[in-house]
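Residue-level structure breakdown
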Amino acid sequence: MSPETSPQSVLLLRLAGPMQSWGDRSSFNRRETRPEPTKSGLVGLLAAALGRPRGADLTDLAGLRCGVRVDQPGTVLRDYHTASDYRGVPLLQAGVSAKGVQKPTSPAKPTHVTHRFYLQDAVFVASLAGDPEFVASLADAVRRPAFPLALGRRSCTPTQPLVLDVRPGALEAELTSEPWHAARHARQVYRRRQGGTVAEVDLPATFDDEDGTDVVNDLPLSFNVRDRRYSTRRVRHTWLTVPTGETTVGGAAAASSHDPFALLGW
Amino acid sequence: MIVTSARTYIDLHVLHTVPPANLNRDDNGDPKEAFFGGVRRSRVSSQAWKRATRAFFAEHNPDGDRAMRTKKIAEQLTRRLAERASLDTETAARIATSALQPLDIKPGKKAGETAYLLFFGHAQLDAVIDLFVDDVAELCELGDEDLAARLKDLPVQQTLNQGHPLDVGLFGRMVADIPALNVDAATQVAHALSTHAVELEMDYYTAVDDKQVDSTGAGMIGTVGFNSATFYRYATVGLHQLETNLADPAAARDGIRLFTEAFARSMPTGKENAFAHHTRPTLVAAVIRGDQPVSLVSAFEKPVASTSGIAATSARRLAEEHSRSVAQWGDNPLFTGVCHTLDPDSPEAGKVGEAFGDNRTFAELLDAVQAHLPAVQEVA
């Protein structure tokens, strides 16, 4: 089943919010984030929108072809996080008693320390391609979600609009024609660097691709709490030349000027 | 699954100004921060404010640990048992009553009701049934006394005592070893962010040794990090999810009220003795939506300038963002209400009025939210 032969629809999602976190190998007390949304994160978001319980079948969602564009990379935030019971009760351990009740830690441990990593001030455009009817139903679900949606972690609320559009077409073409979604301050930095307004910007993107050069381990098979499983997928990293949505005002000449501070984002 | 109403989200938008304070510290002891809109902001983690909210519950509902809301635990247990074990109601009722007997819950005036309201989540009731469901066939054969003796030693009370049901219904519960006790949270709380750029301030302090009279100098020196900020705080509650979690639509409606009050009024206690940051919100807006939760944090992506009254400007920005978002997306909320302490004659108050309606007292806002929640519909 070549994705190119059957008619496809593309769902474009804008993933923006003050904080996001896209973990792919986090376990225990250090919860890291990938620099861009993971497929498991996207599938999880859609499954939540559809109201699928944990452990539900994900084959259809995982089967969508996905592409992610980095409109504004953001920076990494490390959050020092402690957990304790506000009643002063010792934390529970993982083990259970013969009665199936969780035992308290012994010696009593009142505080648990974890490190959580987030992306702050980032904006992505994610796109998912698949059967037109299914993709349209996903867009509806995201507009009327069964569970509150989140950008990788529950506390990372998305800002609107989340659904940009549903279009017939090819994944990469639609992601390339969609204008840049960077915030005001990021545009200012870019304009300053370019010496004026420019019509286009080059953005990094990652696509599902069977012939891709990179392998990532974020294809979800099950979100069942007791049986969380992931598989690998092949991806291709590339750059897209995307319209900025602004008209050119003599930018081209200025763009060639030497600006060593641009690297520092000044 | 019991879902008696369609999807309903209650969005809470709170603007809350705190004086110099250190509500939520990182591992250097400094207030947490995040970048948003290209500038540094003060941040209070969602976990910190949720903890404050739960502590508020505990303080204001001292019996909340195990007592609230349903007189019909026996009936609920019966219904679930009958369904799980395919029993007729009468047999299920007999077993359920026996199982609850060791708890010594006082019976109420009406048959099958307890004398007081008990607040239990459905996951807890399921866990009780788990204790004996495998032996149901055998239990049906037993006489009343044998049945009571058989069920007497089961850890029913322990099972029902675990967790705080409203807490659990709202904030969820994760028990790694017992997935049956897991509950998906009905609330989603965002990290609180300042609406404006914030720089970390350092308070250099010296402490004098009262008994050190023969020499000069400090007994101790140090620094404390702090900042002051007007926070935008956002939370949303899924009424339908809370109903599912609590298996009691009326309790879910009361839960929304309690959560709204606790979320708006609570304050993290970090360094409260050093800074006494006991403030109330400048503005609390509640928006009931039938489609999706909408965070208005974009209103502050461009940071509010610090020269012109941050709280009032933030309120205006919030109102404009709400109006713009509704106009742009055409998704009218089912209800909006607001309680604020802005100057009633100011243009900011006018904007807030246009967006969220007339100013109400907080108690009126709570009543209005509850009154506008969709009515409970019985679904077969």
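Predicted model only: the values in this text are computed from it and were never measured. (Residues numbered from 1 in each chain as written. Chains lettered and ligands numbered in written order. Predicted model: local features only at pLDDT ≥ 70, side-chain atom pairs only at ≥ 80, totals over all residues. Heavy atoms only, no water.)

What follows is about the overall build of chain B. Helix and strand content of chain B: 14 helices and 9 strands. Put simply, chain B has 380 residues, and 53% of those count as buried. A sequence separation of at least 24 residues applies to 76% of the contacts in chain B between residues at least 6 apart. (Helix = DSSP H or I, 4+ residues; strand = E, 2+ residues; numbered from the N terminus. Buried < 20%, exposed > 50% of the residue type's maximum accessible area, 1.4 Å probe, protein only. Contact = heavy atoms within 4.5 Å.)

Turning next to unusual backbone geometry. Note: most peptide bonds trans; most residues except glycine with negative phi. Note the cis peptide between A:Ser106 and A:Pro107, where omega equals 0 degrees. Here A:Pro107 shows up in the loop between β6 (102–104) and β7 (112–130). A cis geometry characterises the amide bond from A:Gln160 onward to A:Pro161, with omega recorded as -5 degrees. Backbone geometry at B:Lys271 places phi at a positive 50 degrees, although glycine is not the residue there.

So, about the domain arrangement of chain B. Splitting chain B by domain gives domain 1 (9–59 + 185–372) and domain 2 (68–164). Placing a centre on the C-alpha atoms of domain 1 of chain B and another on those of domain 2 of chain B gives a separation of 42 Å. (Domains from an automatic or database assignment.)

This brings us to the interface of chain B and chain A. Counting from both sides, the interface comprises 57 residues of chain B and, opposite them, 48 residues of chain A. Of the roughly 4,300 Å² buried where chain B meets chain A, counting both sides, 50% is carbon and sulfur surface. Summed over the shared surface of chain B and chain A, the result is 4 salt bridges. Counting across the chain B and chain A interface gives 22 residue pairs in polar contact (both at pLDDT 80 or more). (Buried area = accessible area lost by both parts, 1.4 Å probe. Salt bridge = Lys/Arg side-chain N within 4 Å of Asp/Glu carboxyl O. Polar contact = N/O pair within 3.5 Å; in protein donor to acceptor, adjacent residues only side chain to side chain.)

Turning to the side chain of B:His277, a few remarks are in order. All names here are of chain B. For His277, the position within the fold is in the loop between α11 (272–275) and β8 (283–289). We classify His277 as buried; its relative accessible area is 0%. Within the local environment of His277, its side chain forms a polar contact with the backbone oxygen of Pro268, the two atoms lying 2.9 Å apart. Excluding residues that lie within four positions of it along the chain, His277 makes contacts with Val18, Pro19, Ala21, Leu23, Met267, Pro268, Thr269, Gly270, Lys271 and Glu272.

Our focus in this paragraph is the environment of A:Ala122. Residues and elements named next belong to chain A. Structurally, Ala122 can be placed in strand β7. C-alpha separation for the pair Ala122 and Gln72, spaced 50 residues apart in sequence, amounts to 5.1 Å. Not counting residues up to four positions away in its chain, the partners in contact with Ala122 are Leu15, Ala16, Gly17, Gln20, Gln72, Pro73 and Gly74.

Attention now moves to the packing of helix α1 (residues 46–60) of chain B against helix α10 (residues 249–265) of chain B. All names here are of chain B. Look at α1 against α10: their axes get within 8 Å of each other, and the N-to-C directions meet at 120 degrees. As far as their axial angle goes, α10 and α1 are oblique. The way α1 lies across α10 gives a crossing that is right-handed. For the pair α1 and α10, the contacting residues are Trp49, Thr53, Phe56 and Phe57 in the first and Leu258, Phe259, Glu261, Ala262, Phe263 and Arg265 in the second. Grouping the constituent residues of the contact of α1 with α10 by class yields 7 nonpolar, 1 polar and 2 charged. (Axes fitted to C-alpha atoms, helices over the stretch in contact; angles between N-to-C directions. Parallel < 35°, antiparallel > 145°, perpendicular 65-115°, else oblique. Left-handed = near helix turned anticlockwise from the far one by under 90°. Nonpolar A, V, L, I, M, F, W, Y, C, P; charged D, E, K, R; others polar.)

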